[in-house]
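So the chains spell out like this:
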Amino acid sequence: MERKALVAISVVLILAVAGIAAALFIGGGEKPITINQKGSDTMLELCQVWAEEFHGEYESISVIVSGGGSGTGITALISGTVDVAQASRQMKQSEIDQAIAAGITPVEFRVAIDGIAIIVHTSNPIEVLTLDQLRGIYNGTYVNWKDLGGLDMPIVAYGRQSTSGTYMYFQETVLKNENYTTNMQQMAGNSAIVQAIMNDEGGIGYVGIGYAAKASGIKILNLSKDMPSLSYSPLDKDAVIDGDYVLSRYLYLYTAGTPTGALREYLLWILTDGQPIAEEIGFYALPDQIIEEELEKLE
Amino acid sequence: MKAGNKEEILLQERRRMSIKTDTFIKIVLLCVSLVTVFALFAVFFFIFSEALPAFTSIGFVEFLSGHIWNPTSPTNPSYGILPLLCGTFLVSLGASIIAIPIGIGCTIYLAELAHPKIKSILKPAIEILAGIPSVVYGFFALIILSDWIVAVFNNTYRLNALNGAIMLAVMMIPIMVSLSEEAINSVPQDLREAAYALGATKWETLRGVIIPAALSGIAAAIMLSIGRAVGETMTVLMACGNTPVITWDMLSSVQTMTAAIAIEMGEVNFNSLHYHALFGVGAVLFVITFAINIIADIVLAKFAEAYH
């Protein structure tokens, strides 16, 4: 009795395994292609919308996007666990060396433009800051708004957490690699900063343009390189794209080697049909000349 | 005679079977409990093995006593967790100062004094406090409580240690109340009756008999709720402003160890020194909460002995 049952079970199991193998073998040709992508949280929403729209047009290719930060995405690309990394900063030389040591040549694509907005409370009379003044605020030189011609009120600086790509970009560009003041409040995300500034009359913070433009109850400051007379707003598209606005930056996608096949289709689509979507999300589209430069990398 | 024999054999058989099932159940339960112990050791081993590179390359003493936590500085990365220890201590201390008197008062009232009708409303209300997710408390602190604190103290930093401490106190109270109420309820009725028989008033009975008898449980409840405060993450992350500075000022922004791990682990480069240093912070936190739990156990045992 028992032996019969055993034989029956074994037969069923063998048949099942054979069936699955056959199904895989036959269906192999039509298997959908999946692109794995990971990285910057600033770009997460943008990339998810891109992935969805792209899948709508190319049904056999799906793109799975996750966040975790620029550094995490780049590390995943180097270790070969993802096909694409999204990053709000360029790869560091140490990361490129690491990739080459692992046998991977990272290829960089600029995919959109972001302007980092400096925001304050609506009651703050300051309208313009120079880059030096901004550096002074974040390295702790200025502690009261009256030092900058504002009200007599302590400055409360808000920033991102130390592992964010935006934190690093700001530290490089504004602070020239000096340390942030230890009094800076580290917030876990762009919207947390907006939320804090809304309620803090002495507050100042930096966020991606998409977050500042959509928010109400905050004031976006103009920035100038040195003289207050030549200041630009991050809402001024041309100033951000031309780099007249000092805190404009590219957003990047990185692939391991020159992309081919489905991955090539995907990047091609982002650089063409994907550009208006970037504007809808709150970033800026690349100028035509940059698009052509990037498309050449796909040849 | 024959029938009796048969019955005896059957009985023996049944006994043998029940011994068999007993051992079987014992083994299953042993395995289940071993899983817990194994999980604890696995966590312990994982955290400490990941933290080890940080301890060796930073230096354990330097790691514990360094005054600056700035792991991503481009010029001079520093991995001193003293500001984080200080932040955790300040917030937990503030929370304990607020929560312990309220918690104990609440427990005594609920367990001994409250009218059953009031109790039937109050107790579930306190228990609901325990069920609210910590992120909701954090959001409340971030948006509303911080404004109140600014209105009262007219301070510079909206997000500060006091903000977190008040929120943590609210989260500690339900744990403390439900654990210490249990301790008070388990004081034998005989003791109360004996006190009343000696002519003690309700207050004298409470102060002289019931509370001393339940003290071990109450003390353990306090320790465990402090453990909860030390380990709480989301609320302090949102409420305290995250500035790793060493300060005694409750109105200053601080960063706790848990908040540093939560806020930085998401984007840290895998296997970098910073990554291992965060595990180092986790290891220190592990030791602290472990110590608090052991102290709670010792207190429980000691008071229990004194009482018997």
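Refer to the structure printed above.
Residues numbered from 1 in each chain as written. Chains lettered and ligands numbered in written order. Predicted model: local features only at pLDDT ≥ 70, side-chain atom pairs only at ≥ 80, totals over all residues. Heavy atoms only, no water.

### Brief notes about the overall build of chain B
Scanning chain B from N- to C-terminus turns up 11 helices and two strands. In terms of overall dimensions, chain B is more spread out than a globule: its C-alpha atoms have a radius of gyration of 26 Å, far above the 19 Å expected for 308 residues. Overall, the C-alpha framework of chain B stretches about 95 × 55 × 35 Å when taken along its three principal axes. In chain B, which comprises 308 residues, the proportion classed as buried is 43%. The average position of the 16 basic charges and that of the 20 acidic charges among the side chains of chain B differ by 14 Å. (Helix = DSSP H or I, 4+ residues; strand = E, 2+ residues; numbered from the N terminus. Rg over C-alpha atoms; globule rule 2.2 N^0.38 Å. Buried < 20%, exposed > 50% of the residue type's maximum accessible area, 1.4 Å probe, protein only. Lys, Arg positive; Asp, Glu negative; His and termini not counted. Charge placed at Lys NZ, Arg CZ, Asp CG, Glu CD.)

### Here's the deal with the packing of helix H3 (residues 82-113) of chain B against helix H6 (residues 161-185) of chain B
Residues and elements named next belong to chain B. Where H3 contacts H6, the axes come no closer than 6 Å and their chain directions differ by 35 degrees. In the packing of H3 onto H6, the handedness of the crossing is right-handed. Tallied by class, the residues present in the contact of H3 with H6 amount to 21 nonpolar, seven polar and two charged. (Axes fitted to C-alpha atoms, helices over the stretch in contact; angles between N-to-C directions. Left-handed = near helix turned anticlockwise from the far one by under 90°. Nonpolar A, V, L, I, M, F, W, Y, C, P; charged D, E, K, R; others polar.)

### Let's talk about the pairing of strand S1 (residues 33-39) of chain A
Residues and elements named next belong to chain A. Where S1 meets strand S2 (residues 61-66), six bridges bridge the pair, whose relative direction is parallel. Directly across from Lys 38, in S2, lies its bridge partner Ser 66. Handedness of the crossover joining S1 and S2 through helix H2 (residues 44-57): right-handed. (Pairing = 2+ DSSP bridges. Right-handed = clockwise from strand over helix to strand, strands pointing away.)

### Considerations on a nonpolar patch on the surface
A surface patch of nonpolar side chains, about 480 Å² in accessible area, is lined by Phe 24, Ile 25, Val 28, Leu 29 and Val 32 of chain B. On the secondary structure map, Ile 25 of chain B appears in helix H1 (residues 2-58). (Patch = residues over 30% accessible without salt bridge, like charges linked within 9 Å, V, L, I, M, F, W, Y side chains within 5 Å. Areas by Shrake-Rupley, 256 points an atom, 1.4 Å probe, with all protein chains shown as cover. Salt bridge = Lys/Arg side-chain N within 4 Å of Asp/Glu carboxyl O.)

### Some points on the sheet that holds strand S10 (residues 222-224) of chain A
Residue and element names in this part refer to chain A. Within the open sheet, the three strands sit side by side as S5-S10-S11. Their pairing is mixed. Among the strands making up the open sheet, the edge pair consists of strand S5 (128-130) and strand S11 (231-232). Relative to S11, S10 runs antiparallel, the two being bridged by two bridges. Note that in S11 the partner of Ser 224 across the bridge is Ser 231. In the packing of helix H5 (residues 131-139) onto the sheet, the strands contacted are S5 and S10, and the crossing angle to S5 comes to about 85 degrees. (Contact = heavy atoms within 4.5 Å.)

### Section: the nonpolar core
Counting 85 residues, the largest nonpolar core has Ile 118, Ile 119, Leu 134, Tyr 138, Ile 204 and Leu 247 of chain A as its most contacted members. Here the element with the most residues in this core is strand S4 (residues 106-121) of chain A; it accounts for 10 residues. Those residues in contact with Leu 134 of chain A that lie beyond four places of it in its chain are Ile 118, Leu 129, Phe 170, Val 174, Ile 204, Leu 223 and Leu 247 of chain A. Ala 99, Ile 218, Leu 278 and Val 281 of chain B belong to the second largest nonpolar core, which has 67 residues in total. (Core = buried A, V, L, I, M, F, W, Y, C linked by side-chain atoms within 4.5 Å.)

In short, shape yes, function no, at least from these values alone.
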